[in-house]
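A structural walkthrough
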Amino acid sequence: MLERELLPVGTMSAQVANHIGVRIVSGEFVPGTSLPIESELCQTYGVSRTTIREAVKSLAGKRLIEVSPKIGTRVMPFAEWNLLDRDVLAWRLQAQFDHKIVEDIFEMRLCFEPRASFLAARDGTAEDLAKIEHFFYELVAAYDQKLPIKATSESALGFHLAVINASHNGLFVTIGSAVKSALRVSSEMLQQHAAPPNEDIALHDAVRTAIVARRPKDASDAMTRLLAASRERMLPLTVDAA
């Protein structure tokens, strides 16, 4: 007899997809193997076949699984997963905050955020620059007032997204939106183990100042330093850090 899992409140098919998704990305269901049959999943989660089918359809859309009449529901190879999907990113972070995913996130950010900063300094509108300044001073206020970690991390997240949006590069904006979940989680982790406020503010201020002063190269370099410092603070927090 399978033990029934208790699901939190929410859309039932989404909650089932969330739970199975975490089990897949954590390695409980290995790529190439099949998920339990539909009746077993119904029993495990205490839901209808329709709910299970909706959850399976959602996971298939994220390329985590493949459904075939001949082989059933098979877990796809890692290379096939839609790693930019917001849920997949969140599930990977939830399942295991490991060295590899942190390196992946920061390598990706280092590939486009410095360039986004360059473009923001060159092409950003007055409104764009005002938004960047707004989130910077919101971050400063959060530190000064010793607001909860979530408030500080949201201000930092807003700052980075404002810079990306100010680049006016459609692909950068799309990537920024896609990885927002990962940015939020990493931002919250950084704030839990934050650098001294003055140091963090100075790193953000260097980016802000260069963008507002229309110095593209300086803005790019400042963002590279900010991300490099964030990565160095984040890596020791991973589950497999030495």
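Computed from a predicted structure; not experimentally measured.

Re unusual backbone geometry
Positive phi outside glycine occurs at Arg 63, with the angle close to 65°. Take Arg 63: it is sitting in the loop between helix H3 (49–61) and strand E1 (65–68). On the basis of relative accessibility, which here comes to 34%, the residue Arg 63 falls in the partly exposed class.

A look at H3
Taking 1.5 Å as the rise per residue, H3 with 13 residues should run 18 Å; its terminal C-alpha atoms sit 18 Å apart, in good agreement. Among the residues of H3, those classed as buried are Thr 51, Ile 52, Ala 55, Val 56 and Leu 59. End-on view of H3: buried residues confined to an arc of 135°, all on one side of the axis. Facing away from the buried side of H3 by over 90 degrees, the exposed positions are Lys 57 and Gly 61. In this structure, the buried residues of H3 make contact with helix H1 (12–25), helix H2 (38–45), E1, strand E2 (72–75) and helix H4 (86–95).

Here we look at the side chain of Ser 230
Along the chain, Ser 230 turns up in helix H11 (residues 216–234). A relative accessible area of 8% means that Ser 230 is categorised as buried.

Points about the packing of aromatic side chains
According to the stated counting rule, one finds three aromatic pairs in the structure shown. With centroids separated by 5.6 Å and ring planes inclined at 45°, the aromatic side chains of Phe 112 and Phe 172 adopt a geometry described as tilted. A residue pair is termed long-range when its members are at least 10 positions apart, and Phe 112 in helix H5 (residues 99–123) and Phe 172 in helix H8 (residues 170–178) qualify at 60 residues. Phe 172 carries the same exposure label as Phe 112, and that label is buried. With a centroid separation of 5.1 Å and 70° between ring planes, the pair formed by Phe 136 and Tyr 137 is classed as edge-to-face. When the ring centre of Phe 118 is taken as reference, the NZ or CZ atom of Arg 115 above it lies at 4.4 Å.

As for the environment of Leu 84
Counting through the fold element by element, Leu 84 comes out in the loop between E2 and H4. Taking C-alpha positions, Leu 84 is 24 Å from Met 12, a pair spaced 72 residues apart along the chain.

Structural notes on the pairing of E1
Side-chain direction in a regular strand flips from residue to residue, so the side chains alternate between the two faces of the sheet. Pairing between E1 and E2: four bridges, direction antiparallel. When the bridges of E2 are listed, Ile 65 appears paired with Val 75. Hairpin remark: E1 followed by E2, antiparallel, with three residues in the connecting loop.

Points about the environment of Val 75
For Val 75, the position within the fold is in strand E2. For the pair Val 75 and Met 108, spaced 33 residues apart in sequence, the C-alpha separation works out to 25 Å. Contact partners of Val 75, with chain neighbours within four places excluded, come to Ile 24, Phe 29, Val 30, Pro 31, Gly 32, Thr 33, Leu 35, Leu 64 and Ile 65.

Parameters at a glance
Residues numbered from 1 in each chain as written. Predicted model: local features only at pLDDT ≥ 70, side-chain atom pairs only at ≥ 80, totals over all residues. Heavy atoms only, no water. Helix = DSSP H or I, 4+ residues; strand = E, 2+ residues; numbered from the N terminus. Buried < 20%, exposed > 50% of the residue type's maximum accessible area, 1.4 Å probe, protein only. Expected span 1.5 Å × (residues − 1). Arc of directions from axis to C-beta. Contact = heavy atoms within 4.5 Å. Phe/Tyr/Trp six-rings, centres within 6.5 Å; stacked < 30°, edge-to-face > 60°. Lys NZ or Arg CZ within 6 Å of the ring centre and 35° of its normal. Pairing = 2+ DSSP bridges.

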